[in-house]
Amino acid sequence: MTRLASVTCFAIASIGVSAQIEPVAAQDDGRINIYRYVLGVDVPQAPALVAMGVAPNQVLLGSAPKPLSATVLAVFGRGGETQLGAAVDVAPYYFLGGGVRELESYRSGSLAGRALRVLTKTLLSFAAVRTPADLNSPLVSVGLRSTFHDPHDPISNTALPENIAAALARAQYPLTDIEEEGMDDRGVDLAPVYAAARRESRARAGDAQVSAGWGVTARAVGGALGGSDLDDARHALWVTAQYTTGARYDVIATVQFRNAFHDDDRFWLGAALRRKRDGADVQAGLYYDTASKQLHPGVAVDSRLSQHLGVVVSLIAQADPPQLTGPRRIRFGVMGRWFAASDRP
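Residues numbered from 1 in each chain as written. Predicted model: local features only at pLDDT ≥ 70, side-chain atom pairs only at ≥ 80, totals over all residues. Heavy atoms only, no water.

Thoughts on the packing of aromatic side chains
Phase 1: Applying the stated criterion across every chain, the model contains four aromatic pairs.
Phase 2: Centre to centre, the rings of tyrosine 35 and tyrosine 94 are 4.7 Å apart; their planes meet at 85 degrees, and the pair counts as edge-to-face. Of the two residues, tyrosine 35 is situated in the loop between strand 1 (31-33) and helix 2 (47-52) and tyrosine 94 in helix 3 (residues 92-95); the sequence distance between them amounts to 59 residues. Take tyrosine 35 and tyrosine 94: they sit in the same class, and that class is buried.
Phase 3: Ring centres of phenylalanine 76 and phenylalanine 332 lie 6.3 Å apart, and the angle between their planes is 25 degrees; on these two criteria the pair is classed as stacked. Of this pair, phenylalanine 76 sits in strand 2 (residues 68-76) while phenylalanine 332 sits in strand 14 (residues 329-339), and the two are 256 residues apart along the sequence.
Phase 4: Residue classification places phenylalanine 76 among the partly exposed positions, given a relative accessible area of 35%.
Phase 5: Its guanidinium or amino end placed over the ring of tryptophan 268, arginine 258 lies 4.6 Å from that ring's centre, counting from NZ or CZ. (Phe/Tyr/Trp six-rings, centres within 6.5 Å; stacked < 30°, edge-to-face > 60°. Helix = DSSP H or I, 4+ residues; strand = E, 2+ residues; numbered from the N terminus. Buried < 20%, exposed > 50% of the residue type's maximum accessible area, 1.4 Å probe, protein only. Lys NZ or Arg CZ within 6 Å of the ring centre and 35° of its normal.)

See below:
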């Protein structure tokens, strides 16, 4: 686990150094850097952690992912059992240098335009979790997640790019030598512009964000990651929809197919209500496990601490996947995460 922790810390540090989103607003030629408009709200769960079954909520957000994120978590069960884990998520489109696009092309309703937007919101996820069952053989997972419908996209459905360009144009004397909280490198305070876009996008009612994912989890016997040393691989598939009723509430529904392609496959069918606030969201819900034939309630508080940092605290009654052996049990979880975002809370 020491070696695993070292590798994870190095990955998170590398991301933190390399993932500075270039503050480029709308250009005169109509080209923008789409990652200039990432809002740090509704950060979805890491797909690899979902595949393991250790995500803080089993009723999953349908919102679009951030281009980069890193997660550490601790899950505490009865009897002093503790699971420690970490995950790193990256959008391949961002990792390969994508992002500078024509605004008109990004907003296009054509098949090509829609497909490219889905590509920008596709995420690869890698995670490892140490479990009490075998401290020397952590669970490892890889996941893939895409957002297929995103009516809360701030580029497509708000005037955020135009408003940022207008705010920069109105600044007659950019204070380039001053660095202050809430100001970009041209000295223009864009915090009110981003705040307005957050309010507008989160309040957009009458449509649902829809995402789906897949992940596979296995135990790395003896801590080795070679293919021949991975044991008891288990697949998970899921689809989730997040419907916005207004500025304060979202209704979420999730279907997970756990242990897919195995004799002991099962479904987790979940629903939740999410109360949205400026500094923290509160989500309460439950899911039904078709194997245990039990309902599992849960509640979580999702707080944003700064531009790039958030914390999720959860209390759930968990139905364990096979690698996390045990019956239904109460779990308390704390998850911290770093994510790429352009706005500030």
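Okay, back to it.
Observations regarding the pattern of salt bridges
Phase 1: Per the stated rule, a full pass over the model turns up 14 salt bridges.
Phase 2: Residues aspartate 343 and arginine 198 are paired through a salt bridge, measuring 2.8 Å at the closest nitrogen-oxygen approach. With aspartate 343 in the segment after strand 14 and arginine 198 in helix 8 (residues 191-202), the pair connects residues that are 145 residues apart, well separated along the chain. The pair formed by aspartate 343 and arginine 198 is uniform in burial state, with each residue classed as buried.
Phase 3: One salt bridge connects arginine 202 with aspartate 281, and the closest N-O pair in it is separated by 2.6 Å. One end of the pair, arginine 202, is in helix 8; the other, aspartate 281, is in strand 11 (residues 280-289), with 79 residues separating them in the sequence.
Phase 4: With a relative accessible area of 6%, aspartate 281 lands in the buried category.
Phase 5: When salt bridges with common partners are traced through the structure, they connect Asp42, Arg202, Arg274, Asp281, Asp302 and Arg337 into a single cluster. (Salt bridge = Lys/Arg side-chain N within 4 Å of Asp/Glu carboxyl O.)

Things to note about the confidence of the model for the chain
Phase 1: Here the chain averages 84 in pLDDT, and 81% of its residues register 70 or above.
Phase 2: The low-confidence segment residues 1-26, where pLDDT is below 50, has 42 contacts with residues more than four positions distant or belonging to other chains.
Phase 3: Overall, residues 176-182 carries pLDDT values under 50, and its contacts beyond four positions in sequence, including any with other chains, amount to seven contacts. (pLDDT = per-residue confidence, 0-100. Contact = heavy atoms within 4.5 Å.)

Digging into the nonpolar core
Phase 1: Ranked by internal contacts, the top residues of the largest apolar core, which has 27 residues, are Ile34, Ile155, Leu160 and Ile164.
Phase 2: A per-element tally of this core places helix 7 (residues 160-170) first, with four residues.
Phase 3: Those residues in contact with isoleucine 155 that sit more than four places away from it in its chain are Ile32, Ile34, Tyr37, Leu103, Tyr106, Arg107 and Pro161. (Core = buried A, V, L, I, M, F, W, Y, C linked by side-chain atoms within 4.5 Å.)

Some points on the side chain of threonine 120
Phase 1: Here threonine 120 is to be found in helix 5 (residues 111-120).
Phase 2: Take threonine 120: its relative accessible area is 8%, and that puts it in the buried class.
Phase 3: In this structure the side chain of threonine 120 is engaged in a polar contact, spanning 2.6 Å, whose partner is the backbone oxygen of arginine 117.
Phase 4: Excluding residues within four positions of it along the chain, threonine 120 makes contact with Ile34, Tyr35, Ala91, Tyr93, Arg101 and Tyr106. (Polar contact = N/O pair within 3.5 Å; in protein donor to acceptor, adjacent residues only side chain to side chain.)

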